Amino acid sequence: MTRIEAPRGTHDVLPSEQPLWQKVTGEMERLCDLYGYRRIQTPVFEDVDLFQRTAGSGSDIVQKEMYVFEDRAQRRYALRPEGTASVVRAFVQHQPTTPWKAWYVTPAFRYERPQAGRYRQHHQLGVEVLGTDDPAVDVEVIAMAWRYYAALGLTRVRLLINSMGHDECRGEYLMLLRAHLASHATSLCDEHRATWSESPLRVLDCKRDECVAVTGAGPMLVEHLCANCRAHFDRVLAGLASIGIEATLDPRLVRGFDYYTRTTFEFVAEALEGAQKSIGGGGRYDKLAEQLGGKPTSGIGFGSGIERLLLALDAEEVGEGDLVNRRLDLFVVDTTGDDVATPLVDQLRGAGFATGRAYDGRSMKSQMKLADKSGARYALLVGPQEQEAGEVTIRDLRSESFGQAQQTVARVDVVATISNLLTK
Ligand SMILES: [Zn+2]
Ligand SMILES: [Zn+2]
């Protein structure tokens, strides 16, 4: 038989990798508790219209990268390409009291050419706040992300920030940008020479030399903000400075979604190369709830790709050192040939001890080897002699000298004795 493998561009997260994943999601959960975010889970597929409305039809994600399918009743769905749209959809649908603070960790799907740190199914975590446009919330969301990376041990992360303005001031800026791009269209990169007029903001995002040169000489949105957007942005910058977070203004930063308004930001891991450097980011989306049929509601969010984060942790050589796989407390070694282990491990697990055992009627020596490898603190030995006497021998697996490190107790006293030993 041919072997079936995971689909191209996907990967398994194996049990041995879980301590690192647990750290990455666990730190997020810890911070979310401190900042007052509660977790949300939404369906992994949604009406395709949700993402078409939110991402903007000019975006690569909708044009080429979304997993779209029809179910048996010919409804058109898409696998979630990113985290924010579903959370805002849930907000509009359930109308919770505001400000509403939610966090998520979820797989996300994009049909793109697989490469290092980019998968067709990858994983994201993030937060969203809906119901206020107070710049203090922008500061809080960015600060939380900043503290998150620091808590993971990353030291070479830079924060880039920009403002996308609001409908009106952006509209006026887009006219200036269009005029500039029109007069330099022939100097743009191959892709944007053909597409700049559909989505001029994407040209700002382009990393190719030709586009960088053209846009570098052109107008920047941050210089054309209206008074309100300028004041909002200044308060975000001042708020970040007041808590010691260093932000670098990047006037080209537009991110991959058309739904951003005002504050946008990105975190760059200096330990990574080129296009992989971006480990997370987000922005304000004051129009999104309305676009999904809700009342006008301001919102802002932050998201980070877990696989990309892991690359950054690896590149900075942090993350693995203090990780321990969840260890067993006990390991039952049963040589009675009578499966005394089954009721014994059942009792011990019921009492709250992580307990392992061997299978397949292995020899004493082989079972002791497994007990040692398991990382358990104590082995519980039951042979024919102990079985006969109604006893269990408890052996300390971390002690060098067997004589002192072993005691035999009555079967009925095992739980109490183990409790004492483990709390010592
Ligand atoms: Zn404005
Ligand atoms: Zn370009």
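Above this text is the structure in question.
From a predicted model like this one, the values you see are computed outputs, not experimental measurements.

**Brief notes about the overall build of the protein**
Part 1: Within the protein one finds 16 helices and 16 strands.
Part 2: Against the 2.2 N^0.38 benchmark of 22 Å for 424 residues, the protein shows a C-alpha radius of gyration of 28 Å, more extended than a compact globule.
Part 3: If one aligns the C-alpha atoms of the protein with their principal axes, the spans along those axes are about 95 × 55 × 40 Å.
Part 4: Taken across its 424 residues, the protein has 49% of its residues classed as buried.
Part 5: Long-range pairs, those at least 24 residues apart, make up 69% of the contacts in the protein with a sequence separation of at least 6.
Part 6: For the protein, the accessible area works out to roughly 21400 Å², and carbon and sulfur atoms hold 49% of it.
Part 7: For the protein, the distance from the average position of its 50 positive side-chain charges to the average position of its 58 negative side-chain charges is 1 Å.

**Topic: the coordination of the zinc ion (ligand 1)**
For a metal with four tetrahedral donors the ideal donor-metal-donor angle is 109.5 degrees, while six octahedral donors give ideal angles of 90 or 180 degrees.
Part 1: Surrounding the zinc ion (ligand 1) are the protein donor atoms His166 (ND1), Cys169 (SG), Cys226 (SG) and Cys229 (SG), which sit 2.1 to 2.3 Å from the metal.
Part 2: Given four donor atoms and angles of 100 to 117° at the metal, the environment of the zinc ion (ligand 1) is assigned as tetrahedral.
Part 3: As a motif over one chain, the donors of the zinc ion (ligand 1) read H-x2-C-x56-C-x2-C.
Part 4: Owing to a relative accessible area of 28%, His166 belongs among the partly exposed residues under this scheme.

**A closer look at the coordination of the zinc ion (ligand 2)**
Part 1: Distances from the zinc ion (ligand 2) to its protein donors, namely Cys189 (SG), His192 (ND1), Cys206 (SG) and Cys211 (SG), fall within the range 2.0 to 2.3 Å.
Part 2: Around the zinc ion (ligand 2) sit four donor atoms; with metal-centred angles ranging over 98 to 121°, the donor geometry is tetrahedral.

**What about a positive patch on the surface?**
Part 1: A cluster of basic side chains, namely Arg362, Lys365, Lys369 and Lys373, defines a positive patch on the protein surface.
Part 2: Positionally, Lys365 belongs in helix α14 (residues 364–373).

**Focus: the sheet that holds strand β2 (residues 45–47)**
Part 1: With respect to topology, three strands assemble into an open sheet ordered β2-β4-β3, the strand pairing being antiparallel. Because the sheet does not close on itself, it has two edges, and the strands there are β2 and β3 (68–70). Pairs of neighbouring strands in the sheet enclose a mean axial angle of 40°, with direction left out of account.
Part 2: Relative to strand β4 (residues 76–79), β2 runs antiparallel, the two sharing three bridges. Opposite Asp47, over in β4, you have Tyr77 as the bridge partner.

**Description of the side chain of Asp286**
Part 1: Mapped onto the fold, Asp286 is located in the loop between β10 (278–284) and α11 (288–291).
Part 2: Residue class for Asp286 comes out buried when judged on its relative accessible area of 17%.
Part 3: Polar contacts involving the side chain of Asp286 include one to the side chain of Ser298, which spans 3.4 Å.

**With respect to the pattern of salt bridges**
Part 1: Overall, the coordinates contain 19 salt bridges when judged by the stated rule.
Part 2: The partner of Arg158 in a salt bridge is Glu270, and the shortest N-O contact between them spans 2.7 Å. One end of the pair, Arg158, is in strand β7 (residues 157–163); the other, Glu270, is in the loop between β9 (261–269) and β10, with 112 residues separating them in the sequence.

**Brief notes about the sheet that holds strand β16 (residues 406–410)**
Part 1: What the five strands build is an open sheet, ordered β13-β12-β14-β15-β16; its pairing is mixed. Either end of the sheet is taken by a strand with one partner, and the two such strands are β13 (355–357) and β16. Within the sheet, the average angular offset between the axes of one strand and its neighbour, ignoring direction, is 25°.
Part 2: By the bridge criterion, three bridges tie strand β12 (residues 330–334) to β13 in an arrangement that is parallel.

**Examining the packing of helix α2 (residues 48–55) against helix α4 (residues 84–94)**
Part 1: In contact at an axis separation of 10 Å, α2 and α4 are set at 105° when each is read in the N-to-C sense. On the basis of their axis angle, the class for α2 and α4 is roughly perpendicular. On α4, the residues that touch Leu50, Phe51 and Thr54 of α2 are Ala85, Ser86 and Arg89.
Part 2: Partitioning the contact of α2 with α4 into residue classes produces three nonpolar, two polar and one charged.

**Examining the pairing of strand β14 (residues 378–382)**
Part 1: By the criterion of burial, β14 is predominantly enclosed, with five of the five residues buried.
Part 2: Where burial is concerned, the two faces of β14 agree: the one with Tyr378, Leu380 and Val382 and the one with Ala379 and Leu381 are both buried.
Part 3: Sheet topology places β12 next to β14; five bridges connect them, and they run parallel. Looking at β14, one finds that Val333 is bridged to Leu381.
Part 4: In terms of strand pairing, β14 meets strand β15 (residues 391–396) through four bridges, oriented antiparallel. When the sheet's bridge partners are listed, Leu380 is paired in β15 with Ile394.

**Observations regarding the pairing of β9**
Part 1: Burial within β9 is extensive, with nine of its nine residues counted as buried.
Part 2: Here seven bridges tie β7 to β9, and the two strands are oriented antiparallel to one another. The residue of β9 that forms the bridge with Ser163 is Thr263.
Part 3: Bridge analysis of β9 against β10 gives six bridges, and the strand direction is antiparallel. Along β10, the bridge assignment pairs Glu266 with Gly281.

**As for the nonpolar core**
Part 1: Membership of the largest hydrophobic core comes to 84 residues, with the highest contact counts inside it found for Phe267 and Ile279.
Part 2: Core analysis: the next-biggest nonpolar cluster, separate from the first, contains 17 residues, Ala341, Tyr378, Val409 and Ile418 among them.

**Here's the deal with helix α10 (residues 227–242)**
Part 1: Here α10 contains 16 residues, and its C-alpha end-to-end distance of 22 Å stays within 8% of the 22 Å for a straight helix at 1.5 Å per residue.
Part 2: Every buried residue belonging to α10 is among Cys229, His232, Phe233, Val236, Gly239 and Leu240, and all of these are buried. Take α10 and look down its axis: the buried residues cluster within an arc of 125°, on one side only. Turned more than 90 degrees away from the buried face of α10 sit Ala227, Arg235, Ala241 and Ser242, all of them exposed.
Part 3: Of the surrounding elements, those touching the buried residues of α10 are α5 (135–152), β7, α6 (167–183), β8 (247–249), β9 and β10.

Rules used throughout
Residues numbered from 1 in each chain as written. Chains lettered and ligands numbered in written order. Predicted model: local features only at pLDDT ≥ 70, side-chain atom pairs only at ≥ 80, totals over all residues. Heavy atoms only, no water. Helix = DSSP H or I, 4+ residues; strand = E, 2+ residues; numbered from the N terminus. Rg over C-alpha atoms; globule rule 2.2 N^0.38 Å. Buried < 20%, exposed > 50% of the residue type's maximum accessible area, 1.4 Å probe, protein only. Contact = heavy atoms within 4.5 Å. Areas by Shrake-Rupley, 256 points an atom, 1.4 Å probe, with all protein chains shown as cover. Lys, Arg positive; Asp, Glu negative; His and termini not counted. Charge placed at Lys NZ, Arg CZ, Asp CG, Glu CD. Donors = N, O, S within 2.8 Å, 3.2 Å for Na, K, Ca; no water. Tetrahedral: all angles 85-135°; square planar, octahedral: opposite > 155°, others 65-115°. Patch = residues over 30% accessible without salt bridge, like charges linked within 9 Å, V, L, I, M, F, W, Y side chains within 5 Å. Salt bridge = Lys/Arg side-chain N within 4 Å of Asp/Glu carboxyl O. Pairing = 2+ DSSP bridges. Axes fitted to C-alpha atoms, helices over the stretch in contact; angles between N-to-C directions. Polar contact = N/O pair within 3.5 Å; in protein donor to acceptor, adjacent residues only side chain to side chain. Parallel < 35°, antiparallel > 145°, perpendicular 65-115°, else oblique. Nonpolar A, V, L, I, M, F, W, Y, C, P; charged D, E, K, R; others polar. Core = buried A, V, L, I, M, F, W, Y, C linked by side-chain atoms within 4.5 Å. Expected span 1.5 Å × (residues − 1). Arc of directions from axis to C-beta.

Taken by themselves, the reported measurements are silent on function.
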